[in-house]
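# Remarks on the overall topology
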Amino acid sequence: MVNKHYVEVKSIKKNTGLPDTYFVSKFGFSPYKACQHGCKYCDGRSEKYYIDGDFEKDITVRKNIPSVLETSLRKFREKGIIGISSGVSDPYQPIEIKERLMPQCAEIISRYKYPAMLFTKSNMVMRDIDLWEEVHKKAGFTLMMSIVYPNDDIRKHFEPYSSSVEQRLKTLKAFKDRGMSVGVLAMPLLPFLTDSAGQMDQMMKNYDEIGVDVVMPGCMTLRPGINKKTYFDIIDKHYPHLKNQYFDLYSENRQSGSPRKWYAEKVHKQFSRIIYKHGTPEYIPHRLYKNRMPIYDEIYILMTHMIKLYDKRRVNVDSLVLARKRYGAWLTDEKTYYNRRRNLSFDELESKVINMLDNGTMMTYFQNEKLLNFFKKVVLDQQVFNYITLKLEAL
Ligand code: SF4
């Protein structure tokens, strides 16, 4: 049983500042609030989000999202990736079978030639694969599936109403076979249940067969309150032998819900090592955002990823950190200036960056000849940075 609550929204989310370096999206929307998938660890249940009623049954439907999306895309002055997701809902939860908001949105995104990245736990996205393929052909599309289990045994206790692991893998393969990019959100890894090196390795073998483009791992957060209680009730019921370990791991009751630091560091390190062994990036790779956003944002995101990648290989990144800081401050000022003057086109800002690289004046911010030459190859020669070999290659 589901209770639908229809609401109207005014706009989709837009980021006018420095780009989001994690999900690399500039715009975002979600057609629903609350989620019938009912994952037991879902952060969306937290009091922080003020969701009224039963999180799994009282679903807010943003009925006018297609028309708002169209108006927004008509008005936007910049290009960038549209992220379709939310921490508190899934765009392809069961209610979408009848509401059919997503096919309308896909058609609009395709018509306005915007790139998109969609996050889901449901194989219902297969229904719209032709539409997403159109988006991909025009501007680029990436499907991200959240999977944290090597198989279905444990999933049923924690994600009772989402698609099986097998269905999700088949969906990823179908999108990949049609030429689209696919990724996995390996989050939240469940402590003591799906976080062992063997399980991670098995998951990666599943993804290798598909040719997954990125795997992004993450630890589970449990915010104090309903979020933590819902999860702990499942542990009590199905895994009582783990109760004390869980109690200790989340005993700090941080507002962010983070587990103890030693655990988070251990899991990240372990998964990073395994992902790297399988030759898969753990940050959205350059190839997946190149030409899908303005050049000035691409440079900032790539610099941020390079800092993380080189740091993990124990290469000194001090000069890169400073270069990004100077470039980020300059870019923030430029964006403020362009945002305030509606008669200006952001294409001019892109041209300005290209010229600054070409004539060398970008050295004011990079202060590093090697870095300048690197970004000349990225921007002027259309090369992409490989996050595994740490080398530039043809697009
Ligand atoms: S699918 Fe996502 S939003 Fe929905 S309940 Fe699960 S974690 Fe929460």
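Residues numbered from 1 in each chain as written. Predicted model: local features only at pLDDT ≥ 70, side-chain atom pairs only at ≥ 80, totals over all residues. Heavy atoms only, no water.

### Examining unusual backbone geometry
- Residue Met187 is joined to Pro188 through a cis peptide bond whose omega torsion reads 0 degrees.
- Its place among the elements puts Pro188 in strand E9 (residues 181–189).
- For Ala34, which is not glycine, the phi dihedral falls at a positive 80 degrees.
- Mapped onto the elements of the fold, Ala34 is located in the loop between strand E4 (32–33) and strand E5 (58–62).
- For Ala34, a relative accessible area of 0% translates into the label buried.
- Positive phi is not limited to glycine here, since Asn253 has a value of about 50 degrees.
- Assignment of secondary structure puts Asn253 in the loop between helix H9 (243–249) and helix H10 (261–277). (Helix = DSSP H or I, 4+ residues; strand = E, 2+ residues; numbered from the N terminus. Buried < 20%, exposed > 50% of the residue type's maximum accessible area, 1.4 Å probe, protein only.)

### Focus: empty space enclosed by the protein
- Under the defined criterion, the tally for this structure stands at 1 cavity of 30 Å³ or more.
- Approximately 40 Å³ is the volume found for the largest cavity.
- If you trace the largest cavity, you find it lined by Pro19, Asp20, Val24, Ser25, Lys26, Gly80, Ile81, Met293 and Asp297.
- Its residues assigned to classes, the lining of the largest cavity comprises 4 nonpolar, 2 polar and 3 charged. (1 Å grid on protein atoms, 1.4 Å probe; cavity = no way out; pocket = protein on both sides within 12 Å on 5 of 7 lines; lining within 4 Å. Points joined across faces, edges and corners; volume = space filled by probe spheres on them. Nonpolar A, V, L, I, M, F, W, Y, C, P; charged D, E, K, R; others polar.)

### Here's the deal with the nonpolar core
- With 83 residues, the main nonpolar core has Ile109, Trp132, Phe158, Leu190, Leu193, Tyr231 and Tyr246 as its most contacted residues.
- Excluding residues within four positions of it along the chain, Leu190 makes contact with Tyr41, Tyr149, Ile154, Phe158, Asp195, Met220, Tyr231, Tyr246 and Tyr263. (Core = buried A, V, L, I, M, F, W, Y, C linked by side-chain atoms within 4.5 Å. Contact = heavy atoms within 4.5 Å.)

### Examining the layout of surface pockets
- For the largest pocket, the calculated volume is near 1,000 Å³.
- Considering the residues around the largest pocket, the lining is formed by 39 residues, among which Phe23, Ser86, Gly87, Leu185 and Met187 are closest to the centre.
- Of the residues in the lining of the largest pocket, the class split is 18 nonpolar, 14 polar and 7 charged.

### So, a positive patch on the surface
- On the surface, a cluster of positive charge is made up of Lys14, Arg74, Lys75 and Arg342.
- For Arg342, the position within the fold is in the loop between helix H13 (318–340) and helix H14 (346–358). (Patch = residues over 30% accessible without salt bridge, like charges linked within 9 Å, V, L, I, M, F, W, Y side chains within 5 Å. Areas by Shrake-Rupley, 256 points an atom, 1.4 Å probe, with all protein chains shown as cover. Salt bridge = Lys/Arg side-chain N within 4 Å of Asp/Glu carboxyl O. Lys, Arg positive; Asp, Glu negative; His and termini not counted. Charge placed at Lys NZ, Arg CZ, Asp CG, Glu CD.)

### Description of the domain arrangement of the protein
- One can read the domain layout of the protein as domain 1 (3–284) and domain 2 (294–394).
- Put simply, the middle of domain 1 and the middle of domain 2, counted by C-alpha atoms, are 29 Å apart.
- Across the contact, 19 residues belong to domain 1 and 23 residues belong to domain 2.
- Counting the surface lost from both domain 1 and domain 2, the interface buries some 1,900 Å², and carbon and sulfur atoms represent 59% of this.
- Between Glu282 and Lys312 there is a salt bridge, with its nearest N and O atoms 2.9 Å apart.
- Between domain 1 and domain 2 we count 11 residue pairs in polar contact (both at pLDDT 80 or more) in total. (Domains from an automatic or database assignment. Buried area = accessible area lost by both parts, 1.4 Å probe. Polar contact = N/O pair within 3.5 Å; in protein donor to acceptor, adjacent residues only side chain to side chain.)

### Thoughts on the packing of helix H12 (residues 295–312) against H13
- It is at 10 Å that the axes of H12 and H13 come closest, and there the two elements cross at 155 degrees. Looking at the two axes, H12 sits roughly antiparallel to H13. Judged by the twist between their axes, the crossing of H12 over H13 is left-handed. The segment H12 lies against H13, with Tyr296, Asp297, Ile299, Tyr300, Met303, Thr304, Met306, Ile307 and Tyr310 engaging Leu320, Val321, Ala323, Arg324, Tyr327, Gly328, Leu331 and Lys335. (Axes fitted to C-alpha atoms, helices over the stretch in contact; angles between N-to-C directions. Parallel < 35°, antiparallel > 145°, perpendicular 65-115°, else oblique. Left-handed = near helix turned anticlockwise from the far one by under 90°.)

### Re the pairing of strand E7 (residues 116–120)
- Counting buried residues in E7 gives 5 out of 5 residues, a clear majority hidden from the surface.
- Side-chain alternation along E7 places Ala116, Leu118 and Thr120 on one buried face and Met117 and Phe119 on a second face that is also buried.
- Across 3 bridges, the pairing between strand E6 (residues 82–84) and E7 is parallel. Residue pairing in the sheet places Ile82 in a bridge with Ala116 of E7. (Pairing = 2+ DSSP bridges.)

### What to know about the environment of Val88
- Within the secondary structure, Val88 sits in the loop between E6 and helix H2 (96–99).
- Given the relative accessible area of 11%, Val88 is considered buried.
- For the pair Val88 and Phe55, spaced 33 residues apart in sequence, the C-alpha separation works out to 9.1 Å.
- Val88 has contacts with Lys33, Ala34, Cys35, Gly44, Tyr49, Ile51 and Phe55, leaving out every residue within four places of it along the chain.

### Points about the packing of aromatic side chains
- Summed over all chains, the structure comprises 25 aromatic pairs.
- Taking 4.3 Å as the distance between ring centres and 10 degrees as the angle between the ring planes, the aromatic pair formed by Phe27 and Phe76 counts as stacked. On the criterion of sequence distance, the pair formed by Phe27 in strand E3 (residues 27–29) and Phe76 in the loop between helix H1 (65–75) and E6 is long-range, its members being 49 residues apart.
- What makes Phe27 buried here is its relative accessible area of 3%.
- For Phe76, a relative accessible area of 16% gives the class buried.
- Note on Tyr296 and Phe346: the rings are 6.4 Å apart at their centroids and 40 degrees apart in plane angle, and the pair reads as tilted. With Tyr296 in helix H12 and Phe346 in helix H14, the pair connects residues that are 50 residues apart, well separated along the chain. (Phe/Tyr/Trp six-rings, centres within 6.5 Å; stacked < 30°, edge-to-face > 60°.)

### Let's talk about the pattern of salt bridges
- With the rule as written, the count across this model stands at 32 salt bridges.
- A salt bridge links Lys137 to Glu134; the nearest nitrogen and oxygen atoms lie 4.0 Å apart. Of this pair, Lys137 and Glu134 are both found in helix H4 (residues 129–138), 3 residues apart, which corresponds to roughly one turn of the helix.
- In this structure Glu134 comes out as partly exposed when scored by relative accessible area, which is 33%.
- Across the salt bridge formed by Asp177 and Lys173, the nearest N and O atoms sit 2.9 Å from each other. Taken as a pair, Asp177 and Lys173 lie in helix H6 (residues 165–177) at a separation of 4 residues, close to a single helical turn.
- Linked by salt bridges that have partners in common, Lys26, Glu78, Asp297 and Lys335 make up one network.

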